[in-house]
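Inside the fold
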Amino acid sequence: MPEPSDPMRLLEHEGKQLLGHLGMSAPRGSVATTPAGAGAAAAQMGAPVVVKGQVPEGGRGKAGGIRKAATPAEAEEAARALIGMQIGEHRVESVLVEELVPFTQECYAGVTVDWTTGQMLALLSASGGIDVEAASARSADAVARVVLDPLAEFQAYEARNLARRAGLSGRALVSVADALVRLVRGAAVFECLLVEVNPLFLLPDGRVVAGDAKIEVDDSALPRQHRALAEAIPAAVDALAERANAEGAQIAYVPIDGDIGIIAGGAGLALATMDTVFEYGGRPADFLDIGGGGASGVIARALRMLLARTEVRGVVINVYGGINNCEVMARGIADVCEKDHPAVPIVVKMRGHFQEEGWAILESHGVPIVKQGTTDDAVMRILDLVERRASA
Amino acid sequence: MSILVDEQTRLLVQGITGQQGTLHTRLMLEYGTNIVAGVTPGRGGQRVCDVPVFDTVAEACERTRPNVSIIFVPAMTTRDAAFEAITARLPLITIITEHVPIHDMLRIRAHAARHGVRLIGPNGIGAISPGKTKVGIMPGMLYGQGSVGIVSRSGTLTHETASLLRDRGFGNSTCVGIGGDPIHGIGFVDALDLFASDPDTALVVILGEIGGGDEEQAAAYLSARKYPKPVLAYVAGRLAPPEKRMGHAGAIVRQGTGTAQAKMAALRHAGVHVASSLKELTHEIAARL
């Protein structure tokens, strides 16, 4: 199940499709999922080409995920090496075979959210490529930035001002500024959290071409954006539909290596419960936040998911009836107990709105409840029950 | 006195006829909150728990003079509801809704700032000044009256801390949940500022977690001045595996910053007592009251 807390990152070729929709040029290229396909693509395009592993990760170049190929045979070999390669948290499943661009300069253009200040920024640099972060660290002037006003439309002249500050002039200034306007407007229209073109190639005739595309889309905006995005990025239709559906699922779940299942209402409480299990010498099996306003189905689904893991030897449920309702949550838990007869102990710590009704339901199913106690109490209880069962 | 909300609060509930709106209107009224009106477009003239419903915020304000709004509308219409409240110059708006799109929040924040409107949330529990008023979804019976101010990124951790205090005979001046989203209204610093001059608050508790920069900003604020009251903190996620991304959407640890350890160190450096567990936190608060 995808993590809702992980913004949707498009693959490079998908990002370039979106940029094309916004009126920006990208190098000629095609996607291949097999080495033979990559070779054929290179032959059709006329080698030399560059073969680029498609994963939603940065640092592909440094990880060896981007290779030049002088001939179709080399392209096939490069694809053979790249497909299946692990880069960061992802495995390469396809490669983009692209023509080489005879650039005169590599620039950097990006739109991003500055999470520290809670503002969106537009960024430009005349020295792009892999060293843009280093350049930015060396000198504050290396990357020119401007805060974007969320209530006003970004104007072309503002982009030209930024390009001047980045040290650009002549045709380069005009083309790069024009590209930035497209990126900013695209980010606004499609509700992107990041739109980064690095490198943005300058051609001898002054035109610009997108060397790469890193685009992150806001998951919470997908309910109203996924159709427009799917139209703009046919290659991502399935991924978008899957993400849009998952957004409504409301469970944030990260499995980890352990045997004490945790279900909590609220991310902070989930983290605190994990911390407490670790503190008492237990090994949490997951981070799981059922979120707010969920029906009994949500907690039942979460519980079934954990119980389906054979390594889970007990589950501690730590919830409050605030935005959630104790009675509704208890019914979800009871449903699982009734229908599935879980083999492992479950402890529920639950308090808040409709607690009496909730406790009554759980008590009638023999589920141990921590009513007035602490998270420590609930954790100690589950660890005790798990240990007793193990030595029984 | 308390901060943000008190016995002078006259509350407007936006989205009052929805499931959450109606349920929490009832629960807030039971708590004693003075709810003067509700708004749901198209339902003007109806009553919910005997609270008059209006079609527009403008009309509700004209007829009943609320001074705080709480928003329960769905995520896709939250921006519209917030803009409506901001335009009506309601001084404080609390957004309970979760999954509000980030671009909408950027717009809401900017619009609120330009009109001098204070914002709480989104994706938060609201604010409660026990014994005076509750503007939010917290289970009021878990919160006692007292002198501990709490500002928190986690709603349920707030319920936990408040209930632990109450069970030991202590209580809260005001508890405010700033919510779990990365782009939000007031932060730790705003609450610290308000608590500093609140005669009802003797001690402030910060409840944080991994991700984002709120705790670091609080540490910088505290380091830059002699804060007049003891500040304690707990940061959830201390032992969470760092290579895995977990937490609120705002809890993503980006490029190595935002770890619990870094936040705890920053806060300690600023003179905050940072507890390593909830158990220790309660003990340390009690020891200072």
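In what follows, the accompanying structure is described. (Residues numbered from 1 in each chain as written. Chains lettered and ligands numbered in written order. Predicted model: local features only at pLDDT ≥ 70, side-chain atom pairs only at ≥ 80, totals over all residues. Heavy atoms only, no water.)

Some remarks on the overall build of chain A
Counting its regular elements, chain A contains 13 helices and 19 strands. If one aligns the C-alpha atoms of chain A with their principal axes, the spans along those axes are about 80 × 50 × 40 Å. Partitioning the intrachain contacts of chain A with sequence separation of at least 6 by distance along the chain shows that 69% fall at a separation of at least 24. Looking at chain A as shown, the accessible area adds up to about 15900 Å², and 50% of this sits on carbon and sulfur atoms. Taking the average place of the 36 positive charges on the side chains of chain A and the average place of its 50 negative ones, the gap between the two points comes to 3 Å. (Helix = DSSP H or I, 4+ residues; strand = E, 2+ residues; numbered from the N terminus. Contact = heavy atoms within 4.5 Å. Areas by Shrake-Rupley, 256 points an atom, 1.4 Å probe, with all protein chains shown as cover. Lys, Arg positive; Asp, Glu negative; His and termini not counted. Charge placed at Lys NZ, Arg CZ, Asp CG, Glu CD.)

Some words on the layout of surface pockets
The calculated volume of the second largest pocket comes to roughly 620 Å³. Looking at the lining of the second largest pocket, the elements with two or more residues in it are β9 (119-125), β10 (144-148) and α6 (170-190) of chain A together with α4 (102-114) and β7 (118-120) of chain B. Here the lining of the second largest pocket gets seven residues from one element, more than from any other, and that element is α4(B). (1 Å grid on protein atoms, 1.4 Å probe; cavity = no way out; pocket = protein on both sides within 12 Å on 5 of 7 lines; lining within 4 Å. Points joined across faces, edges and corners; volume = space filled by probe spheres on them.)

Here we look at the sheet that holds strand β10 (residues 145-152) of chain B
All names here are of chain B. Strand order in this open sheet of seven strands is β9-β8-β11-β10-β12-β13-β14, and the pairing throughout is mixed. Of all the strands in the sheet, the pair left with one neighbour each is β9 (133-136) and β14 (273-275). Within the sheet, the average angular offset between the axes of one strand and its neighbour, ignoring direction, is 20°. Pairing analysis gives four bridges linking strand β8 (residues 126-129) to β9, with the strands arranged antiparallel. Bridged to S129 within β9 is T133. Its contacts with the sheet place helix α1 (residues 19-31) against β8 and β9, and it is angled at close to 165° to β9. (Pairing = 2+ DSSP bridges. Axes fitted to C-alpha atoms, helices over the stretch in contact; angles between N-to-C directions.)

Some details on the packing of aromatic side chains
Residues and elements named next belong to chain A. Enumeration over the complete set of coordinates arrives at two aromatic pairs over all chains. Their ring planes at 15° and their centres at 4.7 Å tell us that F103 and F201 sit as a pair that is stacked. Here the residue F103 occupies a position in the loop between β7 (95-99) and β8 (105-114), and F201 occupies one in strand β11 (residues 192-202), the gap between them amounting to 98 residues. Taking the relative accessible area as the measure of exposure, F103 reaches 38% and is therefore partly exposed. (Phe/Tyr/Trp six-rings, centres within 6.5 Å; stacked < 30°, edge-to-face > 60°. Buried < 20%, exposed > 50% of the residue type's maximum accessible area, 1.4 Å probe, protein only.)

Here we look at the environment of B:L23
Residues and elements named next belong to chain B. For L23, the location among the structural elements is in helix α1. The class for L23 is partly exposed, based on a relative accessible area of 21%. Sequence separation between L23 and S147 is 124 residues; the distance between their C-alpha atoms is 29 Å.

As for unusual backbone geometry
Following A:N198, the chain continues to A:P199 via a peptide bond in cis, the omega torsion being 10°. With respect to the element layout, A:P199 can be found in strand β11. Residue B:P122 is reached from B:G121 by a cis peptide bond, and omega for that bond is 15°. Its identity as a non-glycine residue notwithstanding, A:E191 has a phi of 55°, on the positive side. Its location among the elements puts A:E191 in the loop between α6 and β11. A positive phi angle is found at B:R65, which is not glycine, with a value near 50°. Turning to its location among the elements, B:R65 is positioned in the loop between α2 (57-64) and β5 (68-71). Take B:R65: its relative accessible area is 58%, and that puts it in the exposed class.

Quick look at helix α9 (residues 267-279) of chain A
All names here are of chain A. The end-to-end C-alpha distance of α9, which contains 13 residues, comes to 18 Å, matching closely the 18 Å that a straight helix rising 1.5 Å per residue would cover. Most of α9 sits out of view: 11 of its 13 residues are buried. Taken residue by residue, α9 has A267, G268, L269, A270, L271, A272, T273, M274, D275, T276 and V277 as its buried positions. After α9 finishes, the residue G281 shows a positive phi value of roughly 85°. (Expected span 1.5 Å × (residues − 1).)

Points about the interface of chain B and chain A
If you look at the interface, chain B gives 62 residues, while chain A gives 62 residues. Joining chain B to chain A, the criterion identifies five salt bridges. The partner of B:E160 in a salt bridge is A:K349, with the nearest N and O atoms 2.6 Å apart. Within the residue set of the side of chain B that touches chain A, elements represented by two or more residues are α1, α3 (75-87), α4, α5 (155-167), β13 (231-236) and α9 (278-287) of chain B. Top contributing element to the side of chain B that touches chain A by residue count: α4(B), with nine residues. Residues that form the side of chain B that touches chain A fall into these classes: 30 nonpolar, 16 polar and 16 charged. (Salt bridge = Lys/Arg side-chain N within 4 Å of Asp/Glu carboxyl O. Nonpolar A, V, L, I, M, F, W, Y, C, P; charged D, E, K, R; others polar.)

Re empty space enclosed by the protein
Residue and element names in this part refer to chain A. Counted according to the given criterion, the structure contains three cavities of 30 Å³ or more. Around the largest cavity, the lining residues are R9, L10, E12, V55, P56, E57, R60, D212, A213 and K214. The residue inventory of the lining of the largest cavity, partitioned by class, reads four nonpolar, no polar and six charged.

Here we look at the packing of helix α2 (residues 35-45) of chain A against helix α3 (residues 72-82) of chain A
Residue and element names in this part refer to chain A. One can describe the packing of α2 onto α3 by two numbers: an axis separation of 7 Å at closest approach and a directional angle of 145°. Considering only the axes of α2 and α3, their crossing is right-handed. Between α2 and α3, the contacting residues are P35, A36, A38, G39, A42 and A43 on the first element and P72, A75, E76, A79 and R80 on the second. Considering only residue class, the contact of α2 with α3 consists of eight nonpolar, one polar and two charged. (Left-handed = near helix turned anticlockwise from the far one by under 90°.)

Focus on the pattern of salt bridges
Residue and element names in this part refer to chain A. Taken as a whole and judged by the stated rule, the model has 39 salt bridges over all chains. Its salt-bridge partner being E98, residue K52 comes within 3.5 Å of it at the nearest N-O pair. Residue K52 is found in strand β3 (residues 49-53), and its partner E98 is found in strand β7; the two are separated by 46 residues along the sequence. Judged by relative accessible area, which is 3%, E98 ranks as buried.

As for the environment of A:A210
Residues and elements named next belong to chain A. Considering the arrangement of structural elements, one finds A210 in strand β12 (residues 208-210). Between the alpha carbons of A210 and Q44 there is a distance of 21 Å; along the sequence they are 166 residues apart. Contacts of A210, omitting those with residues within four sequence positions, involve K16, L19, M24, S25, A26, P27, V197, P199 and L200.

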